[in-house]
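Structural overview for review
So the chains spell out like this:
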Amino acid sequence: MRFLEGHSPTHDLTYDDVYLLPSRSAVESRFDVDLSTVDGTGATIPIVVANMTAVAGRRMAETVARRGGIVILPQDVDPSAVADITAWVKSRHLVWDTPLVLTAGDAVADAMNLVGKRSHGAVAVVDDDGRPLGIVTEAACADVDRFARLSEVLERLVLTVPLDTPPREVYEQLHQRGEKLALGVDDNGRLAGVLTQVGALRSGIYTPAVDDNGRLRIGAAIGINGDVAAKAEAVLEAGVDVLVVDTAHGHQEKMLAALKAVRSVSPSVPVVAGNVVTAEGTRDLIEAGADIVKVGVGPGAMCTTRMMTGVGRPQLSAVIDCAAAARELGKHVWADGGIRHPRDVALALAAGASAAMVGSWFAGTYESPGDLRYDEHGRPYKESFGMASKRAVTARTRSDSAYERARKSLFEEGISSSRMALDPQSPSVEDLLDSITAGVRSACTYAGAATLEQFHERAVLGVQSPAGFAEGRPLPTGW
Ligand code: XMP
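Position numbers for residues count from 1 along each chain, tracking the sequence in the order it is written. Only residues with pLDDT of at least 70 get local features here, since the model is predicted, and only at 80 or more are side-chain atom pairs given and counted; chain-wide, interface and lining totals rely on the full set of residues. As a rule here, side-chain values cover all heavy atoms of the structure and leave hydrogens and water aside.

**Things to note about the sheet that holds strand β12 (residues 242-246)**
This is how the line gets drawn: Pairs of strands are assigned from DSSP output, requiring at least two bridges between the strands. Counting from the N terminus, the helices are the DSSP runs of H or I reaching at least four residues and the strands are the DSSP runs of E reaching at least two. All axes here are fitted lines through C-alpha atoms, helices being fitted over the stretch that makes contact, and every angle between N-to-C directions spans 0 to 180 degrees. Whether two residues are in contact is decided by their heavy atoms: any pair within 4.5 Å suffices.
Taken in spatial order, the 8 strands close into a barrel running β3-β4-β11-β12-β13-β14-β15-β16, and their pairing is parallel. Direction aside, neighbouring strands of the sheet carry axes that sit 30 degrees apart on average. Sheet topology places strand β3 (residues 47-49) next to strand β16 (residues 355-358); 3 bridges connect them, and they run parallel. Residue pairing in the sheet places Val49 in a bridge with Val358 of β16. Its contacts with the sheet place helix α1 (residues 58-66) against β3 and β4 (70-73), and it is angled at close to 155 degrees to β4.

**Quick look at the layout of surface pockets**
Empty space among the atoms becomes visible once a probe the size of a water molecule is rolled across them. Under the convention used in this document: A 1.4 Å probe that fits but cannot get out identifies a cavity on a 1 Å grid over protein atoms alone, an open set with protein on both sides within 12 Å along at least five of seven lines counts as a pocket, and a residue lines either if it has an atom within 4 Å of a point. Grid points are joined across faces, edges and corners, and a volume is the space filled by probe spheres set on the points.
In this structure, the second largest pocket spans a volume of roughly 680 Å³. Forming the walls of the second largest pocket are 31 residues, and the residues nearest its centre are Lys117, Ser368, Pro369, Gly370 and Lys382. Elements represented by at least two residues in the lining of the second largest pocket include exactly α1, α3 (108-115) and α14 (390-396).

**Topic: the site of the ligand**
Rule in force here: Distances are taken per atom, and a residue is near a molecule or strand as soon as one of its heavy atoms is within 4 Å of it. Side-chain atoms alone can form a polar contact between residues adjacent in sequence; in general such a contact is a pair of N or O atoms within 3.5 Å, and within protein one must be able to donate a hydrogen while the other accepts it. Gly is put with the polar residues, along with every residue not named as nonpolar or charged; the nonpolar set is Ala, Val, Leu, Ile, Met, Phe, Trp, Tyr, Cys and Pro, and the charged set is Asp, Glu, Lys and Arg.
Among the 20 residues in the neighbourhood of the ligand, the closest are listed as Cys303, Thr305, Asp336, Ala388 and Glu413. Between Gly359 and the ligand, the recorded distance is 2.7 Å, taken from a backbone N or O atom to an oxygen atom. Here a nitrogen atom of the ligand and a backbone polar atom of Met387 are 2.8 Å apart. Considering only residue class, the shell around the ligand consists of 8 nonpolar, 10 polar and 2 charged.

**Side note on the packing of aromatic side chains**
The test is simple: In summary, the pairing rule links any two rings of Phe, Tyr or Trp, Trp by its six-membered ring, whose centres are within 6.5 Å, and it sorts them by plane angle into stacked for under 30 degrees, edge-to-face for over 60 and tilted for everything else. Counted as over-ring charges are cases with an Arg CZ or a Lys NZ within 6 Å of the ring centre that also lie within 35 degrees of the ring normal.
The tally for this structure, following the rule as stated, stands at 1 aromatic pair. When the ring centre of Trp88 is taken as reference, the NZ or CZ atom of Arg58 above it lies at 5.3 Å. Lying across the ring of Trp88, Arg92 places its NZ or CZ 4.1 Å from the centre.

**Some thoughts on the packing of α1 against helix α2 (residues 79-90)**
Heads up, the rule is: We call a crossing left-handed when the near helix sits turned anticlockwise from the far one by less than a right angle, and right-handed when that turn is clockwise.
Put simply, α1 and α2 touch, their axes get as near as 10 Å, and they point 35 degrees apart. At the point where α1 passes α2, the crossing takes the right-handed sense. Here α1 contributes Arg58, Arg59, Ala61 and Glu62 to the contact with α2, which in turn contributes Ile85, Trp88 and Val89. Each residue belonging to the contact of α1 with α2 can be placed in one class, and the counts come to 4 nonpolar, no polar and 3 charged.

**Let's talk about empty space enclosed by the protein**
Enumeration over the complete set of coordinates arrives at 1 cavity of 30 Å³ or more. One number sums up the size of the largest cavity: a volume of about 40 Å³. Surrounding the largest cavity, Pro99, Leu100, His120, Ala122, Val123, Ala124, Ile135, Leu181, Leu183 and Val194 form its lining. The set of elements that each furnish at least two residues to the lining of the largest cavity consists of β6 (122-126) and β9 (181-185). Class assignment of the residues belonging to the lining of the largest cavity gives a composition of 9 nonpolar, 1 polar and no charged.

**With respect to the side chain of Asn51**
Within the secondary structure layout, Asn51 lies in the loop between β3 and α1. Polar contacts involving the side chain of Asn51 include one to the side chain of Gln75, which spans 2.9 Å. Not counting the four nearest positions on each side in its chain, Asn51 is found in contact with Ile72, Leu73, Pro74, Gln75, Ala221, Asp246, Lys294, Met357 and Met387.

**Regarding the pairing of β6**
Rules: Three exposure classes are used, based on accessible area relative to the maximum for each residue type with a 1.4 Å probe and protein chains only: buried under 20%, partly exposed in between, and exposed over 50%. Look down the strands so they point away from you; if the path from the first strand over the helix to the second goes clockwise, the crossover is right-handed.
Extensive coverage of β6 is indicated by the burial of 5 of its 5 residues. Covered by surrounding structure in β6 are Ala122, Ala124 and Val126 together with Val123 and Val125, the residues of both alternating faces. As paired elements, strand β5 (residues 101-103) and β6 share 3 bridges and run parallel to each other. Within the sheet, the bridge partner assigned to Thr103 lies in β6 and is Val126. One crossover worth recording links β5 to the parallel β6 by way of α3, and it is right-handed. Direction of pairing for β6 relative to strand β7 (residues 132-137): antiparallel, over a ladder of 5 bridges. From the neighbouring strand, Ala122 faces β7, where its bridge partner is Thr137. Counting the residues between successive antiparallel strands, the hairpin from β6 to β7 contains 5 residues, one of them, Gly130, with a positive phi of roughly 85 degrees.

Just distances and angles here, no functional claims.
Quick look at the structure:
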């Protein structure tokens, strides 16, 4: 990566301060761009979902890994729950999505309670042996008494095919029938998955992130307090593929000791550590055992660190410096926080990150763990909150005395409750992944890069004014 002649920065910059210059390209199609990461995590797209309670749970993990990214479970999740979630995620099908399942005798209210957990808006209905009878859609339930049985609103003639049917064939059959969703059955005719038209299409575009046994990948975070070796051991025994050692100020002695403890437990698992924003911090963490360093202090949507302390660094410059330091040692960085548009991911990768970590943007999707709520105008949203907020600190310290909890929650550096709108045009994290990967693929073709490493090598950045950034925004709809 280089800056355009005359644009070398005289001060630190963030994503909005820069643009990518198009250059001569021999890459003809966006489909010719390989988005696989080279940082050893096995991700086939450069997206990691942040270890935030409002964002990363089992449903997010299955969905994102199926599209090639990795989800990091938060450090507040008990190791036994990490083990359950990991086993569940690793038992998921690589193409077919996990269905919501009810029986014909269940009530419409049961279906309505469940349906908000899927962007495709349907629940599968099975008989007592688990064989599919059809589906119930949100639309079919809209004007029906909540106590009515599902047998009354059941759509029976749904495309039902064996699980090994090629996704393209499923797509074509659905397209011909003008239907949105197919049911997949196992060798015994039992319901084993659902596949939408767009899901079938996506499985021809994305490559799932899988471990050596062909099962979906997942990561988990631990903190730096207490018996770090024991915590690392418990989480690794749970079967996670990536371990993140996480604290707000990563460049501290306790982190270096924590990394050494983690390495004593497993010399081989990919270890991510952070957060830092300096080359020195990056080098120290790598020397202590990190394979990947997490970069970002204060850019996150739920962070109040910079306003509380004045500490932090504009994110693009932090990523450029830290990535250069890591690369000199043959290691990598993740750009963590402040990703609000696909362009931010492209810029983070151009700056040298192997992946971008996304939190709050993904909180407002069907796959985040929170409940779907509606604001006073009937618009859907989910709540996000920072991991250093009073809300998260209070939950994390639940085994402490009331006095101790109250004392610790005085030092919050995060927002406790923020509404993340669920965009009706892109309500699923998969819609957001489509738009991010489309943007990054396209950025690579503009730069003449067929891989993310080539993209980093070839990218040319220019510095722009706020007016330059504003010019790039489309007119608001309804103008
Ligand atoms: P986004 O912008 O994607 O950023 O939501 C995700 C990252 O933000 C960090 N994070 C916090 N930082 N106080 C902070 O100062 C907090 O309460 C907080 N919660 C999350 C974290 O690095 C995450 O990956």
